[in-house]
Each structure stands twice: as C-alpha cells, then as structure tokens.
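Residues per chain are reported as follows:
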Amino acid sequence: MSANERPSGQQTTTAASHDTARSATHDSAFLKACRREPVPHTPVWFMRQAGRSLPEYLKVREGIAMLDSCMMPELVTEITLQPVRRHKVDAAIYFSDIVVPLKAIGIDLDIKPGVGPVIAEPIRTRADLARLRDLTPEDVPYVTEAIGMLTAELGATPLIGFAGAPFTLASYLVEGGPSRSHERTKAMMYGDPQLWADLVDRLAEITGAFLKVQIEAGASAVQLFDSWVGALAPADYRRSVLPASAKVFDAVAPYGVPRIHFGVGTGELLGLLGEAGADVVGVDWRVPLDEAARRVGPGKALQGNLDPAVLFAPTPAVEAKTREVLDAAAGLEGHIFNLGHGVMPSMDPDALTRLVGYVHEQTAR
Ligand SMILES: Cc1c2[nH]c(c1CCC(=O)O)Cc1[nH]c(c(CCC(=O)O)c1C)Cc1[nH]c(c(CCC(=O)O)c1C)Cc1[nH]c(c(C)c1CCC(=O)O)C2
C-alpha cells in the first residue's frame, strides 16, 4: 500500500510497522495460498493452536486468568510463538479471545474455565445497546504493543489477527453465555428485526475497528470467527447477518490483507460466507473441499478441513484422513491446510507436530 492509498487516521509509527511486517511476510506460503498463487508446499496452521494442550502454555499461564493474560503483551507474545516454534506451522495466530474487544469497551464479562465467556448483564433491550460504545486504539494499547513485539520476532512468518463475527458475539451478549440453541438470540432476530439489525451493526463497527488496530500494528491477515452461525438457515443468514459481516470485511478491505471467514456447520452457508467479502473461506470437516469449492465458487481460496477428532486416532489413520483432504484439495486454486475446527485441549501436541510435517512432505513441489 503506498502512502497516498493508506487509510486516513493512522499514525506514522504503526503504519511503518504494518508495512515492514507486510514486506517481510509477503512471499510466505501462507499468504501466497491466500492470494491463490503457486506455493512451495501447502501451508498449515491450526485454529486454537495457541494455548490448549501445550505444557509450555500451561506453565506460563499458571495463576493468571485468561482475560488478564490477553492484556499482558510479553505473555501474549510468548504464547503466540509457542506453537510456531514447536510445530513449525506456517502462520501464527494472535493469542487473545473474541470477547476481548467487548471487555475493552467496558462490558462486564469473564471467561470461565471449562465454560467460556459469561456476560454479567446480557444485552436484550434497545436501552442496552448504549453500552456498546465505539472501540478506539486507546482502548487496546496492549494489542498494538504485543503485535509490534510479535512481528519483530516472527520475521517471515505471518501473524493472523482475528475477531468474533457479529452473530457469534451477539449470541454471547444476548444469551449471557454459551448456548447450544441460541434461543434468546433468535427470538430477538425474528421478533424485533430492527433491534437485531442495530445490535449486529454496532458489533460490526466495534469488530471492524478492532481488526484495523491489529492490521495497523502488523497483522498480515485476519480471520473472522463466526463459530456458531451454522445454526442459521441461508435465507435468515442473508437477511439478518450477512450485511453486518460484510460491513466488517469492507472496513478492512483498503488494507489489502487476506480476509478469512470461518464458521462451524456452515455447509449450507459456504457460498454466502464468501459473498460476505472473504478472500478465504474456512470449511469444517462435514463438506469435502472439492464440493466446498463448488459451493463457494471461483475467486476464493479455501481453508481446512481435517476433522479435529481424527488426531486421536493412530498415526497411519491420521495420515490416511489427511491424504483424503489433500486429494480433495488437489484442484483448488488456493488451499490452506487446517483442522475443521479448533485444537482440543486433550490433543497430543506431538500428533499436531507430525501432522504439519506430513502435509509439508506430501505437498512439497
Ligand atoms: C467461540 C470462541 C471463543 N473464543 C474464540 C472463539 C472462536 C473460535 C472457535 O470457534 O473455537 C477464539 C479464540 N480463543 C482463543 C484464541 C487464541 C488463538 C488461537 O490459538 O487460535 C482464539 C482464536 C484463546 C482461548 N479462549 C479460551 C481459552 C481457554 C481459557 C483458559 O485456558 O483458561 C483460550 C486459550 C476461552 C474460551 N473462549 C471462548 C470459548 C468457547 C472458550 C473455551 C472455554 C473452555 O472450554 O475453557 C469463546
């Protein structure tokens, strides 16, 4: 991005670190695959690769609450680097959580171990919307600081920034915590469409601003996690969610960094996830990648899609299932290997390291 193309309002120092990180990582296999260019090998990274089962993670997190750890730049840097060092993955993902920007604007919430995010006072009425104020870079100085440290350490390895998408964030805010059925969320969406539209639009503003902070600090790509959106039918997604997610993608479009869009159980939504404005569509394990490519259509790379539970099987079975994923991806323009959802806490880290090596070896060109 040249100086005159640069979006307004950013400071020279952050703009400079953004440009430095961009040029150092530009020729990485991960960014090439995102741009659907030829790659030396299929790049690999894992959703939720930071934290989880790594003993070195459990050690540095001892006695520190999850949300507190997200606000400690040196700790965030260490945790983000751990899976890169150990597994030799092709990209790092910034260690944080989808509720961090909500906490940063003053929403009273906590992450309960074994449960997930819990909101003290759920958002359910028009008056509640006033609590969702705009996010500014000053609200998250620890993000800018940690990403600056990280990109210096990572060198040519790209850093993926991320945020929760409006639907998934709205579900936590409206339900007050994790939910299987999203009943209050859907009740608002179907019962008070204007309140719902205003809620997800507010969340789109906050999420767009949060991703911009990460890109300006040096993130080379961003992923929007709409983890729970697979609960919706396509027509409802198009009407009630797509405009807000598209607003997030539009907000970061001027930077030209790849935008990844992911959700679980989204077989029927894959085309719409691309339509919302993603450059890369993440696919869970329920749809083979060749079929996913037909549903998404041309002009997008795909990310995925080994069933995470396969990692609990013996190595020959992991390799056979991985081969199936690579075979289904053979005709794609751009493929980033990943699991169909996140790393599970009980997974053997060595199985993940072996998997990275196997994909690299099988796809070396
Ligand atoms: C839905 C969602 C959340 N958080 C996230 C999502 C979307 C991804 C997905 O679909 O899995 C995103 C997330 N959360 C975390 C990351 C870190 C980066 C990474 O390695 O990918 C990322 C990308 C750290 C975390 N986020 C959380 C932990 C565990 C907290 C701990 O170790 O104390 C970590 C490492 C907490 C969290 N936060 C959330 C859940 C469901 C949980 C798990 C609760 C539990 O089972 O303990 C909300």
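Residues numbered from 1 in each chain as written. Predicted model: local features only at pLDDT ≥ 70, side-chain atom pairs only at ≥ 80, totals over all residues. Heavy atoms only, no water.

Engineer: Describe in detail empty space enclosed by the protein, supporting the description with residues and values.
Structural biologist: Throughout the structure, instances matching the rule amount to 2 cavities of 30 Å³ or more. Of the pockets and cavities examined, the largest cavity occupies roughly 80 Å³. Around the largest cavity sit L311, A313, T315, V318, E319, T322, A351, R354, L355 and Y358, which together line it. Among the elements of the structure, α16 (315-328) and α17 (349-363) are those that each provide at least two residues to the lining of the largest cavity. Of the residues that constitute the lining of the largest cavity, the class distribution is 6 nonpolar, 2 polar and 2 charged. A volume near 40 Å³ is recorded for the second largest cavity. If you trace the second largest cavity, you find it lined by A21, T25, T151, L154, G155, T157, P158, L159, G218 and S220. Secondary structure elements with two or more residues in the lining of the second largest cavity: α1 (12-25) and α8 (141-154). Its residues assigned to classes, the lining of the second largest cavity shows 4 nonpolar, 6 polar and no charged. (1 Å grid on protein atoms, 1.4 Å probe; cavity = no way out; pocket = protein on both sides within 12 Å on 5 of 7 lines; lining within 4 Å. Points joined across faces, edges and corners; volume = space filled by probe spheres on them. Helix = DSSP H or I, 4+ residues; strand = E, 2+ residues; numbered from the N terminus. Nonpolar A, V, L, I, M, F, W, Y, C, P; charged D, E, K, R; others polar.)

Engineer: Which residues make up the site of the ligand, and what values go with them?
Structural biologist: In the vicinity of the ligand there are 25 residues, among which R48, A50, D97, S227 and H341 approach most closely. Because more than half of its atoms lie within 2 Å of the grid, the ligand is assigned to the largest pocket. Every element with two or more residues in the shell around the ligand is listed here: α3 (55-61) and β3 (116-119). (Near = heavy atom within 4 Å. Sits in = over half its atoms within 2 Å of the grid points.)

Engineer: Break down the UniProt feature "binding site: substrate" (unreviewed entry) in the protein chain for me, with residues and values.
Structural biologist: Mapped onto this numbering, the UniProt entry gives "binding site: substrate" (unreviewed entry) at R48, Q49, A50, G51, R52, D97, Y172, S227 and H341. Those annotated residues from the list above that line the largest pocket are R48, Q49, A50, G51, R52, D97, Y172, S227 and H341. Excluding anything up to four places from it in sequence, A50 contacts I79, P83, I93 and F95. Along the polypeptide, G51 turns up in the loop between α2 (29-34) and α3. In contact with G51, not counting residues within four places along its chain, are Y57 and I79. (UniProt positions renumbered as here; feature names shortened; annotations may be inferred. Contact = heavy atoms within 4.5 Å.)

Engineer: Go over the packing of helix α11 (residues 193-217) against helix α13 (residues 242-252), please, and point to the residues and values.
Structural biologist: At a closest axis distance of 8 Å, the pairing of α11 and α13 adopts a crossing angle of 25°. Considered as vectors, α11 and α13 are oriented roughly parallel to each other. Of the two elements, α11 crosses α13, and the hand of that crossing is right-handed. Between α11 and α13, the contacting residues are V200, D201, A204, E205, T207, G208, L211, K212 and I215 on the first element and A244, K247, V248, A251 and V252 on the second. When its residues are assigned to classes, the contact of α11 with α13 shows 8 nonpolar, 2 polar and 4 charged. (Axes fitted to C-alpha atoms, helices over the stretch in contact; angles between N-to-C directions. Parallel < 35°, antiparallel > 145°, perpendicular 65-115°, else oblique. Left-handed = near helix turned anticlockwise from the far one by under 90°.)

Engineer: Give me the layout of surface pockets: which residues, what numbers.
Structural biologist: Computed from the structure, the largest pocket encloses a volume of approximately 1,300 Å³. Taken together, 39 residues make up the lining of the largest pocket; nearest its centre are R48, R52, D97, G116 and P117. Those elements that place two or more of their residues in the lining of the largest pocket are α3, β2 (109-112), β3 and α9 (166-175). By residue class, the composition of the lining of the largest pocket is 22 nonpolar, 11 polar and 6 charged.

Engineer: Give me the UniProt feature "site: Transition state stabilizer" (unreviewed entry) in the protein chain: which residues, what numbers.
Structural biologist: In this structure's numbering, the residues bearing the UniProt feature "site: Transition state stabilizer" (unreviewed entry) are D97. With respect to the helices, strands and loops of the structure, D97 is situated in the loop between β1 (92-93) and α6 (100-104). Among residues more than four places away in sequence, those in contact with D97 are M66, C70, I111, P117 and F162.

Engineer: Lay out the confidence of the model for the protein chain in plain terms, naming residues and giving numbers.
Structural biologist: Looking at the protein chain as a whole, the pLDDT averages 95, with 95% of positions reaching at least 70. Every residue in residues 1-13 is under pLDDT 50, and counting partners more than four places away or in other chains gives 14 contacts. With a pTM of 0.94, the predicted complex shows an ipTM of 0.92. (pLDDT = per-residue confidence, 0-100.)

Engineer: How would you summarise the environment of S28 if you had to cite specific residues and measurements?
Structural biologist: Positionally, S28 belongs in the loop between α1 and α2. On a C-alpha basis, the gap between S28 and P40 in space is 9.2 Å, while along the polypeptide they are 12 residues apart.

Engineer: Account for the packing of aromatic side chains, with residues named and values stated.
Structural biologist: One pair of aromatic rings is described through two measures. These are the centre distance and the angle between the planes. Evaluation of the coordinates by the stated rule reveals 4 aromatic pairs. Taken together through their ring pairs, the aromatic side chains of F162, F225 and F262 make up a single cluster. (Phe/Tyr/Trp six-rings, centres within 6.5 Å; stacked < 30°, edge-to-face > 60°.)

Engineer: If you had to explain the environment of G299 to someone new, which residues and values would you point to?
Structural biologist: Considering the arrangement of structural elements, one finds G299 in the loop between α15 (289-296) and β8 (301-306). Overall, G299 belongs to the partly exposed group, its relative accessible area being 34%. Between the C-alpha atom of G299 and that of P113, which follows or precedes it by 186 residues, the distance is 40 Å. Those residues in contact with G299 that sit more than four places away from it in its chain are R36 and E333. (Buried < 20%, exposed > 50% of the residue type's maximum accessible area, 1.4 Å probe, protein only.)

Engineer: Explain the sheet that holds β1 to me, using residue names and the numbers behind them.
Structural biologist: Taken together, 7 strands build an open sheet; the order of strands is β1-β4-β5-β6-β7-β8-β9 and the sheet is parallel. Each end of this open sheet is capped by a strand with a single partner; those strands are β1 and β9 (335-339). In terms of strand pairing, strand β5 (residues 221-225) meets strand β6 (residues 259-262) through 4 bridges, oriented parallel. Directly across from V222, in β6, lies its bridge partner R259. (Pairing = 2+ DSSP bridges.)

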